[in-house]
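Examining the three-dimensional arrangement
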Amino acid sequence: MPDPTSLPPDPADAAAHDDGDRRQLTIIGAGLAGALLAALLAQRGWQIDVYEKRGDLRELGYERGRSINLALAERGRHALRQADADDAVMEQTVMMRGRMVHFVDGHLDLQRYGRDDSEVIWSVHRGELNEVLLDIAERAGARIHFHHRLDSVDFDTRVAHFGDDRSEDVRAISFQCLVGADGAGSSLRQAMARVSELGERSEFLGHSYKELEIPPGSDGGFQIEANALHIWPRGRYMCIALPNDEGTFTVTLFLPNHAEPAGNAEASPARTEAAPSFDTITDGAQARAFFDRDFPDASRLIPELEHDFDHNPTGMLGTLYLDRWHLDDRAVLIGDAAHAMVPFHGQGMNCAFEDCVALADHLLRADDRADAFAGFQAERLPNARAIQQMALENYLEMRDHVDDDDYLLQRELGNRLAKRHPDRFLPRYSMVSFTHLPYAVALERGDTQHQLLVELTQGRESLDALDWAAADALVEARLPPLPQEA
Ligand SMILES: Cc1cc2nc3c(=O)[nH]c(=O)nc-3n(C[C@H](O)[C@H](O)[C@H](O)COP(=O)(O)OP(=O)(O)OC[C@H]3O[C@@H](n4cnc5c(N)ncnc54)[C@H](O)[C@@H]3O)c2cc1C
């Protein structure tokens, strides 16, 4: 199997290839994945056309209210390096060393993500990142056509039909093959599903999100620790905040859509009223009262809370599963269009970026495009499923476990075992965030490790009397050495 983490070298002379006609691609969507794929292939001599329904965000500015900033991890950075985009992107980022947990009683605890500052994640503004990628793609020769909304596709004649949100204009454009990088609501996916069964199903989480903002302090600086991802875990719901390079934080409130009846065991302790939900907190004034009660330290820092709650959209969260990502040699899906996931591992974009490298790699190596698409799907689909599952599991961890004693003891033991067996034991979060190990491998090894931690901490309040020799033996028996690339 080709190495998914590095692309073959640029062809020295595109004219030397007699398959010039074949090296064309029409990408739908100039978001994060579409722009990166365009850059990767244009840099390697391909003719790339990208059709984007919105206007050029470099001229119009970025639309607020839609996951303004994102956590970039090693996988995403590795993909950016393949397009020489990492340096330009990193100029816009803020380092996040760990989770800063805000407990109900007001005390704080920084839980580091990795061993040291070489194992961190980075907060980046979606709009700024997208701009960098669009610039790089265009500089490499990709043509980006804004205000082109894919409406329908005739796969027999290989003609795609586009509309323009500003007018009644429609355009018909011939293509050799289409790549759907048009996000979770993909129009290309819908067009493909009309001619072929994709095995599509969506599972909605039953929880949604709303974005708010902590502005800079009076000195223009960050009002809370800048180099952390802040979490306010509250059982069935939570807030998080990621820093932006201009001194603000984007706060995201995650809440159930519907109220749990009073007295539900899962609901917050000692509550007699219905647990908070988007059903019960419906306007800015109610949101302020809720924040004052449950997130008082955050509430003080969000002066526009009422306004933002009333005006920012409520985003839905769900997981999209498909059994097939491509239609022979005519179309293929990547990123959210193929496998949208809940955002709790901060990996949707990182996974989409890995898709771009993998697809480019298969296209550059295979003679036949249908083979390239099939190879891409075979490599990436199991990994997408794995990170989708881990993202769902991470919601429980973030909102309910990070302040739990059993979890903290298991975490401490995990860190100690990782120090004792760096070649075998790597916390799952680290495998996902700091290595290029396939997600499916991270999931499987993570399950084995979790089982081991549960067994070794059962009935304990500390690690004081732990039999370390027995623990070491268990690690060696159950966890084969990590592959070298980790
Ligand atoms: C609240 C939230 C927080 C998140 N946090 C993180 C995080 O911390 N880290 C992380 O890695 N991921 C995160 N994600 C996930 C991440 O946002 C997505 O995985 C990523 O944006 C997927 O990129 P994409 O290019 O596939 O889709 P998108 O970024 O959605 O881009 C799709 C593009 O296609 C265009 N388009 C749509 N329809 C059409 C059409 N018919 N014709 C032409 N163009 C069209 C759109 O305008 C857009 O430009 C988060 C998501 C959410 C909702």
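Residues numbered from 1 in each chain as written. Predicted model: local features only at pLDDT ≥ 70, side-chain atom pairs only at ≥ 80, totals over all residues. Heavy atoms only, no water.

**Some details on the packing of helix α1 (residues 32–42) against helix α11 (residues 348–365)**
Close contact between α1 and α11 brings their axes to 9 Å; oriented N to C, the two are set at 30°. What the angle tells us is that α1 and α11 run roughly parallel. Between α1 and α11 lies a crossing of right-handed hand. Where α1 abuts α11, its residues L32, A33, L36, L37, L40 and L41 lie against M349, A352, F353, C356, V357, L359, A360, L363 and L364. Grouping the amino acids of the contact of α1 with α11 by side-chain chemistry returns 15 nonpolar, no polar and no charged. (Axes fitted to C-alpha atoms, helices over the stretch in contact; angles between N-to-C directions. Helix = DSSP H or I, 4+ residues; strand = E, 2+ residues; numbered from the N terminus. Parallel < 35°, antiparallel > 145°, perpendicular 65-115°, else oblique. Left-handed = near helix turned anticlockwise from the far one by under 90°. Contact = heavy atoms within 4.5 Å. Nonpolar A, V, L, I, M, F, W, Y, C, P; charged D, E, K, R; others polar.)

**Let's talk about the pattern of salt bridges**
Across all of its chains, the model carries 27 salt bridges by this definition. Residues R158 and D329 are paired through a salt bridge, measuring 3.3 Å at the closest nitrogen-oxygen approach. Of the two residues, R158 is situated in the loop between β9 (149–154) and β10 (159–163) and D329 in the loop between β18 (326–327) and β19 (331–333); the sequence distance between them amounts to 171 residues. According to the relative accessible area criterion, R158 is partly exposed, its value standing at 25%. The exposure class of D329 is partly exposed, given its relative accessible area of 28%. The salt bridge involving R365 is made with D361; its shortest N-O contact spans 2.7 Å. A residue pair is termed a helical-turn pair when its members lie 3 or 4 positions apart in one helix, as R365 and D361 do in helix α11 at four residues. Residue classification places D361 among the buried residues on the basis of a relative accessible area of 0%. Beyond isolated ion pairs, a larger network of salt bridges with shared partners links D56, R58, D135 and E138. (Salt bridge = Lys/Arg side-chain N within 4 Å of Asp/Glu carboxyl O. Buried < 20%, exposed > 50% of the residue type's maximum accessible area, 1.4 Å probe, protein only.)

**A word on the site of the ligand**
Taken together, 30 residues sit near the ligand, with E52, A71, R126, S187 and D336 positioned nearest. Between the ligand and L32, the relevant distance is 3.4 Å, taken from an oxygen atom to a main-chain nitrogen or oxygen of the residue. Within the side chain of N350, a nitrogen or oxygen atom sits 3.0 Å from an oxygen atom of the ligand. Look at the ligand: alone it shows 1,000 Å² of surface, and the protein chains cover 90% of it. (Near = heavy atom within 4 Å. Polar contact = N/O pair within 3.5 Å; in protein donor to acceptor, adjacent residues only side chain to side chain. Areas by Shrake-Rupley, 256 points an atom, 1.4 Å probe, with all protein chains shown as cover.)

**Details of the layout of surface pockets**
Of the volumes computed, that of the second largest pocket is approximately 930 Å³. The wall of the second largest pocket is formed by 31 residues, among which E397, Y407, R411, P427 and R428 lie closest to the centre. Elements with a minimum of two residues in the lining of the second largest pocket: α12 (369–401), α13 (405–420), α14 (428–434) and α15 (439–457). Along the lines of polarity and charge, the residues of the lining of the second largest pocket split into nine nonpolar, 11 polar and 11 charged. (1 Å grid on protein atoms, 1.4 Å probe; cavity = no way out; pocket = protein on both sides within 12 Å on 5 of 7 lines; lining within 4 Å. Points joined across faces, edges and corners; volume = space filled by probe spheres on them.)

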